[in-house]
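Understanding the architecture of this molecule
Each chain, letter by letter, is given below.
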Amino acid sequence: MIGDLMKPKVAFFDFTSCEGCQLTVVDSLQTHVDLLDAVEIVQFREAMTEKGEDYAIAFVEGSISRASDEARLRRIREQAAIVVALGACAHLGGINAIRNAQPLDDVRKYVYGDKADWYETYPARPISAVVKVDAVIPGCPIDRDEFIGVVKALLLGKKPPLPDYPVCVECKRKENVCVFHKGGFCLGPVIRAGCGAICPTCGDGCEGCRGLIPNPNQDSMSDVLVKYGLTVADMLARWTMFGTYQQMEAGS
Amino acid sequence: MSNININIEVHHVTRVEGHGNIVVNAKNGVLEECRLEIVETPRFFEAMLRGRPYTESSHITSRICGICAVGHATASLRATENALGIEPSEQTVLLRKLNFHGEILDSHVLHIYMLVAPDLLGVGSVIPLVQIAPEVVLRALRIKKLAGDLCAALCGRHTHPIAMAVGGFTHYPTTDELLALRARLVDARADMDATVALAKTLPWPAFTRETEYIALRKEDEYAFIDGTVTTTDGGRYPISDYRKVTNERLVTHSTAKHTAHKRESYMVGALARFNVNHDQLHPRAKAAAAELGLTPLCTNPFLNTAAQVVEMIHSIEDAIQLIDQLVARGIRPEPLPAFPGKAGEGFGACEVPRGILFHNYPDAGDAGAGV
Ligand code: SF4
Ligand code: SF4
Ligand code: SF4
């Protein structure tokens, strides 16, 4: 019983998302059932009916894309000692923010026509635009092993470790043929590693789902850029599938 | 009966994908309101694709749903290929079918074991089942892992596929990987026997509701990718006429659009596919259907889950057969087709786990696509 009292209570929440990160959590638990002994899940709408409000760690999936969702996120922030952004939608705005580059009225009318004002929306944003975020699990979707690693670090009271070097480092370690060499485009030189360079390993360029490395100008893989005649600025400008929100913030 | 009052409001239905509220009101035995409210935020994918390269469409639209990511990517690729006049090679078609079975297995096992079974077994989630019935949970996890590994070998990961591209793949499984998966698929037959046995014991509510069922149909196989839109009320349409069955309309209480064909509503998904295409199921799947008492035309919507069990067996058998074909042919890297220089309107359709899915790109040119 005492052991149970010591178990931190965790909860999962979602906003504007595809639920893929929560599904990845479910998948990670399959191979780390031990984690279910270390924490008590009190809320996970997608997987369970029970519902507790006394959580200490909140994992939040999804972007905030309408004003009325802000209050719910603030309540979560008030309750939880630790708020973790789960995946690119929550961390960056991600895919949801692609539409931010177009006029909002036009976007709404394109999909809902003359009924556009029936459905509340505003430009999509990461959860950090609304509340303070204590930790981030990047990716679209998150990486299973990294999720387990972050949870373990949080349980030990440590700051979860995230690599601050670019995807290229992992890609070169895997001895992949560079996507640029095959005539493609890849954001690996400026994007944060930690996914095992899974996209270049599968023959496709990195699209930047894990966000930028902390100092792209200093730490990008400039040998790759030099070889293919590109600059960090070229890279940043191409980072729109997941980084439109950041691009627009930087530009404004 | 006449003085019965019912007032049900379920706020955020649990153990479902997506966000929904259920409202049911009856006064003096007369139903006043019965509503499913989809309260998700609108996401505007149609607008997102505008002005972006066609090669990105499948990567962006797979993010519509983490569960049927492969299905969205496949329907998107078919629409883009249709717009560009690109015909995928035989190898690509085989690999996509195999990939698709991985997703059907992944989604159905999740739904059957983790979302539905806890209700029918009287528990709040799959977690208490770990104690009460560990073998059931372990079986589900085994199948789930197999499904995930199958997708990962083909497209990098199930959510969200990486290696599926317009006109082909950017990565290929090795023969050894395929043979290892084949062995696990063969082993999964025993797990599916046990799944059928479990499904037989579950207390399915006895309830029928006649309606129209709509699914893709192909002449030569149980359709998941491409086909003719076919309804149990007798309609048949080419995919390019999909609007004749969607007839989308907006409602204020739900961000999901409503659709109707000849009646007020229709059903899609595993039961619809079973009702439309049962004759094309693998013999093992047919035998399972018979054992579960599933006969077309089945109008008990709860048995959609039983139809999922049947489809899982079909997918396992067809996946084994596809691997045999791929191994016999030998997998060769194939270059992706270049942009053919012009593009028209494109249509693509798939049967994702939860039902028929259309992608329609009015202008899929190099710089622009829309849904
Ligand atoms: S980050 Fe990607 S996988 Fe995760 S919820 Fe958002 S769209 Fe889905
Ligand atoms: S640019 Fe991309 S493909 Fe090339 S080494 Fe870096 S991560 Fe790998
Ligand atoms: S390679 Fe790039 S796009 Fe792919 S998972 Fe890693 S960070 Fe995300």
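1. Some words on the overall build of chain A
- Counting its regular elements, chain A contains 13 helices and five strands.
- In terms of overall size, chain A behaves like a compact globule, its C-alpha atoms giving a radius of gyration of 19 Å where 252 residues would be expected to give roughly 18 Å.
- Reported as C-alpha extents along the three principal axes, the dimensions of chain A are approximately 60 × 50 × 25 Å.
- When the 252 residues of chain A are sorted by exposure, 57% land in the buried category.
- If you take every contact in chain A between residues at least 6 apart in sequence, the share linking residues at least 24 apart comes to 74%.
- Accessible area of chain A: about 10800 Å², with a carbon and sulfur share of 54%.
- On chain A, the mean spot of the 27 positive side-chain charges and the mean spot of the 33 negative ones are 2 Å from each other.

2. Quick notes on the environment of A129(A)
Residues and elements named next belong to chain A.
- Locating A129 in the fold gives a position in the loop between α6 (104-112) and β5 (135-137).
- Residue class for A129 comes out partly exposed when judged on its relative accessible area of 42%.
- Residues A129 and V42, spaced 87 residues apart in sequence, show a C-alpha to C-alpha distance of 26 Å.

3. A closer look at the domain arrangement of chain B
Residue and element names in this part refer to chain B.
- For chain B, the assigned domains read domain 1 (6-38) and domain 2 (45-329).
- In this assembly, six residues from domain 1 lie in contact with 13 residues from domain 2.
- A combined buried area of about 760 Å² lies between domain 1 and domain 2, and 49% of that area is made up of carbon and sulfur atoms.
- Its residues assigned to classes, the side of domain 1 that touches domain 2 comprises two nonpolar, no polar and four charged.

4. Description of the nonpolar core
- By size, the foremost hydrophobic cluster in this structure holds 110 residues, and its most contacted members are F12(A), F59(A), L86(A), F147(A), L98(B) and L294(B).
- Listed in part, the 34 residues of the second largest apolar core include I95(A), V179(A), F180(A) and L230(A).

5. Overview of the sheet that holds strand β3 (residues 57-61) of chain A
All names here are of chain A.
- Read across the open sheet, the five strands follow the order β2-β1-β3-β4-β5; overall the sheet is parallel. Two strands close off the open sheet at either side, each with one partner strand: β2 (40-44) and β5. The sheet shows a mean angle of 20° between the axes of neighbouring strands, taken without regard to direction.
- Sitting on the sheet, helix α2 (residues 20-31) is in contact with β1 (9-14), β2, β3 and β4 (82-86), with an inclination near 150° to β2.

6. A look at the packing of aromatic side chains
Residues and elements named next belong to chain A.
- Overall, the coordinates contain 15 aromatic pairs over all chains when judged by the stated rule.
- Taken together, the aromatic side chains of F12, F44, F59 and F147 make up a single cluster linked through ring pairs.
- Against the face of W118 rests K115, its NZ or CZ located 5.6 Å from the ring centre.
- A cation sits over an aromatic face here: R125 above Y122, 3.6 Å from the ring centre.

7. Let's talk about the packing of helix α6 (residues 134-155) of chain B against helix α7 (residues 175-201) of chain B
Residues and elements named next belong to chain B.
- Orientation of α6 relative to α7, taken along the N-to-C sense of each, is 145°, at an axis distance of 10 Å. The handedness of the crossing between α6 and α7 is left-handed. In this structure, α6 uses V136, R139, R142, I143, K145, L146, D149, L150 and A153 to contact α7, whose residues at the interface are L181, R184, L185, A188, D191, M192, A194, T195 and L198.
- In terms of residue class, the contact of α6 with α7 is made up of 11 nonpolar, one polar and six charged.

8. Focus on the sheet that holds strand β2 (residues 20-27) of chain B
All names here are of chain B.
- Strand order in the open sheet formed by three strands is β1-β2-β3, with antiparallel pairing between adjacent strands. Sheet topology places β1 (6-10) and β3 (30-38) at the edges, where each strand pairs with a single neighbour. On average, adjacent strands in this sheet sit at an angle of 5° to one another, irrespective of strand direction.
- Taken together, the five bridges between β1 and β2 define a ladder with antiparallel strand orientation. Residue I8 lies in a different strand from β2, and its bridge partner there is V24.

9. Description of the site of ligand 1
- Taken together, the neighbourhood of ligand 1 is formed by 14 residues, with C18(A), C21(A), A88(A), C89(A) and C140(A) sitting nearest.
- Around ligand 1 the close residues trace back to chains A and B.
- Breaking the shell around ligand 1 down by element, the ones donating at least two residues are α2 and α5 (88-92) of chain A.
- Partitioned by chemical class, the residues of the shell around ligand 1 number six nonpolar, five polar and three charged.

10. Quick look at the pairing of β3(A)
Residues and elements named next belong to chain A.
- Judged by how many residues are buried, β3 sits mostly within the fold: five of five residues are covered.
- Taken together, the five bridges between β3 and β4 define a ladder with parallel strand orientation. By the bridge assignment, V60 is partnered in β4 with A85.
- Read as a crossover between parallel neighbours, the route from β3 over helix α4 (residues 70-79) to β4 is right-handed.

Rules of the game
The residue count restarts for each chain, going from 1 along the sequence in the order it is written. Chains carry letters from A onward and ligands carry numbers from 1 onward, assigned in written order. Reporting in this predicted model follows two pLDDT cut-offs: at least 70 for local features of residues, and 80 or more for side-chain atom pairs to be given and counted; totals over whole chains, interfaces and linings ignore these cut-offs and use all residues. Excluded from the side-chain calculations are hydrogens and water; all other atoms, namely the structure's heavy atoms, are used. Secondary structure counts use DSSP, requiring at least four H or I residues in a row for a helix and at least two E residues in a row for a strand, with both numbered from the N terminus. Within these notes, the globule rule equals 2.2 Å times the number of residues to the 0.38 power, and the radius of gyration is based on C-alpha atoms. Throughout this description, buried means an accessible area under 20% of the type-specific maximum (1.4 Å probe, protein chains only), exposed means over 50%, and partly exposed covers the range between. Contacts are residue-level and defined by heavy atoms, with any inter-residue pair within 4.5 Å sufficient. Only the protein chains shown count as covering a residue, and every accessible area follows the Shrake-Rupley method with a 1.4 Å probe. None of His or the chain ends enter the tally, which takes Lys and Arg as positive and Asp and Glu as negative. Here the site of a charge means atom NZ of a Lys, CZ of an Arg, CG of an Asp or CD of a Glu. An automatic or database domain assignment supplies the residue ranges for each domain. Buried area adds together the accessible area that both of two parts lose upon being put together, with accessible area traced by a 1.4 Å probe. Polar here means any residue outside two lists: the nonpolar Ala, Val, Leu, Ile, Met, Phe, Trp, Tyr, Cys and Pro, and the charged Asp, Glu, Lys and Arg; Gly therefore counts as polar. Among buried residues, the Ala, Val, Leu, Ile, Met, Phe, Trp, Tyr and Cys ones that are joined through side-chain atoms within 4.5 Å form a nonpolar core. Here a strand pair is declared whenever DSSP counts at least two bridges between the two strands. Think of each axis as a best-fit line through the C-alpha atoms, taken over the contacting stretch in the case of a helix, with angles from 0 to 180 degrees between the N-to-C directions. Only rings of Phe, Tyr and Trp enter the pairing, Trp through its six-membered ring, and a pair is recorded when the two centres are within 6.5 Å. The plane angle decides the type: under 30 degrees is stacked, over 60 is edge-to-face, the rest tilted. Placement of a positive charge over a ring is assigned whenever Lys NZ or Arg CZ falls within 6 Å of the ring centre and within 35 degrees of the normal to the ring plane. A clockwise turn of the near helix away from the far one marks a right-handed crossing, whereas an anticlockwise turn of less than a right angle marks a left-handed crossing. To be near a molecule or strand, a residue needs just one of its heavy atoms within 4 Å of it. With its strands directed away from the observer, a crossover is right-handed exactly when the path from the first strand over the helix to the second travels clockwise.

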